[in-house]
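# Chains, contacts and geometry: an overview
The primary structure of each chain is shown beneath.
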Amino acid sequence: MTDKPTFEENLNELEEIVQKLEQGDIPLEKSLEKFQRGMKLSKELQAKLENAEKTLTKVMDQNGNEEKFERDDNDEE
């Protein structure tokens, strides 16, 4: 059984694909394969980011219940 690649590993692979496609020196069939792989990686990475954002925007109240985090724009950072 193989471990799933990390977010960072997938991001690095996507960056490599983009670089190869930008160079334009690979055959059309290979370009299409790389493009499709890049789109799949992009969707997976976006989903992970959205999931992380949802997790980070929740806080636990004193009873251990999740509450949506609402930032007060008047708070100083």
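The notes below deal with the structure included here. Every value quoted in this text rests on a predicted model; they were computed, and no experiment measured them.

A count of helical and extended segments in the protein gives 2 helices and 2 strands. For the protein, the α and β elements follow one another from N to C terminus as α-α-β-β. Per-residue burial over the protein gives 9% buried out of 77 residues. A separation threshold of at least 6 residues defines the contact pool for the protein, and within that pool the share at least 24 residues apart is 45%. Accessible surface, the protein as shown: approximately 7,200 Å² in total, 49% of it carbon and sulfur.

Across all of its chains, the model carries 2 salt bridges by this definition. Salt-bridge contacts for Glu 13 lead to Arg 37; the nearest nitrogen and oxygen are separated by 2.9 Å. With Glu 13 in helix 1 (residues 7-23) and Arg 37 in helix 2 (residues 28-56), this residue pair connects regions lying 24 residues apart in the sequence. Classification of Glu 13 as partly exposed rests on a relative accessible area of 27%.

Since the α-helix packs 3.6 residues into each turn, any two residues three or four apart lie on the same face. With 17 residues, helix 1 ought to run about 24 Å at 1.5 Å a step, and its terminal C-alpha atoms sit 25 Å apart, in line with that. Inspection of helix 1 places Asn 10, Leu 14 and Ile 17 among the buried residues, and these make up the whole buried set. The arc that holds every buried residue of helix 1, seen down its axis, measures 60°, which confines them to one face. Residues of helix 1 that are exposed and point more than 90 degrees away from the buried face comprise Glu 8, Glu 22 and Gln 23. Where helix 1 is buried, its residues meet helix 2. Following helix 1 by one or two positions, Gly 24 adopts a phi angle in the positive range, close to 70°.

The rules behind the values
- Residues numbered from 1 in each chain as written.
- Predicted model: local features only at pLDDT ≥ 70, side-chain atom pairs only at ≥ 80, totals over all residues.
- Heavy atoms only, no water.
- Helix = DSSP H or I, 4+ residues; strand = E, 2+ residues; numbered from the N terminus.
- Buried < 20%, exposed > 50% of the residue type's maximum accessible area, 1.4 Å probe, protein only.
- Contact = heavy atoms within 4.5 Å.
- Areas by Shrake-Rupley, 256 points an atom, 1.4 Å probe, with all protein chains shown as cover.
- Salt bridge = Lys/Arg side-chain N within 4 Å of Asp/Glu carboxyl O.
- Expected span 1.5 Å × (residues − 1).
- Arc of directions from axis to C-beta.

By themselves, these figures tell us nothing about what the structure is for.
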